[in-house]
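Observations on the three-dimensional arrangement
Chain by chain, the residues:
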Amino acid sequence: MSRQALLVGITVAGETVLEETLQRYGYGRIWRAENLPQALELHGRVPVDLLVLPLDDVSDAHLAAIDGTMWHEQGVRIIGTGPSADPELMLRAIRAGIQE
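So, how was this worked out
Residues numbered from 1 in each chain as written. Predicted model: local features only at pLDDT ≥ 70, side-chain atom pairs only at ≥ 80, totals over all residues. Heavy atoms only, no water. Core = buried A, V, L, I, M, F, W, Y, C linked by side-chain atoms within 4.5 Å. Buried < 20%, exposed > 50% of the residue type's maximum accessible area, 1.4 Å probe, protein only. Helix = DSSP H or I, 4+ residues; strand = E, 2+ residues; numbered from the N terminus. Contact = heavy atoms within 4.5 Å. Phe/Tyr/Trp six-rings, centres within 6.5 Å; stacked < 30°, edge-to-face > 60°. Lys NZ or Arg CZ within 6 Å of the ring centre and 35° of its normal.

1. Details of the nonpolar core
Core analysis: the largest hydrophobic core is formed by 20 residues, its most contacted members being Leu6 and Leu53. Every element with two or more residues in this core is listed here: strand S1 (3-8), helix H2 (36-43), strand S3 (50-54), helix H3 (60-68) and helix H4 (87-95). The residues touching Leu53, leaving out its near neighbours within four places in the chain, are Val8, Leu36, Ile66, Ile78, Ile79, Gly80 and Thr81. Core analysis: the second largest hydrophobic core is formed by seven residues, Ala5, Leu22, Leu50 and Val52 among them.

Have a look at this one:
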């Protein structure tokens, strides 16, 4: 069975390249959510192996929601993206279970 990825709020010019890259690494199904609440709802119905979300506008409540869903305890890899490497945001994200 191929792995599944969930991309949250990612709309970039290179979306096709991102999807092709994920498919090369065995992600056969790529789900999309416009925002974190939609991703949390989808996660309740669809088991994903990878979550990719932007951290630039993430709040403490959003990070708590990520941590509260136990994504990281279910073996889901979480990658946070952002335009800069804000040390405080990175620390909060790590505490919420975001690995990369």
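2. Structural notes on the packing of aromatic side chains
A full pass over the atoms with the stated rule returns zero aromatic pairs. Directly above the ring of Tyr27 sits Arg3, whose terminal nitrogen or CZ lies 4.3 Å from the centroid. Here Arg29 stacks its cationic end above the ring of Trp31, 3.8 Å away from the centre of that ring.

Any link to function would need more than the numbers given here.
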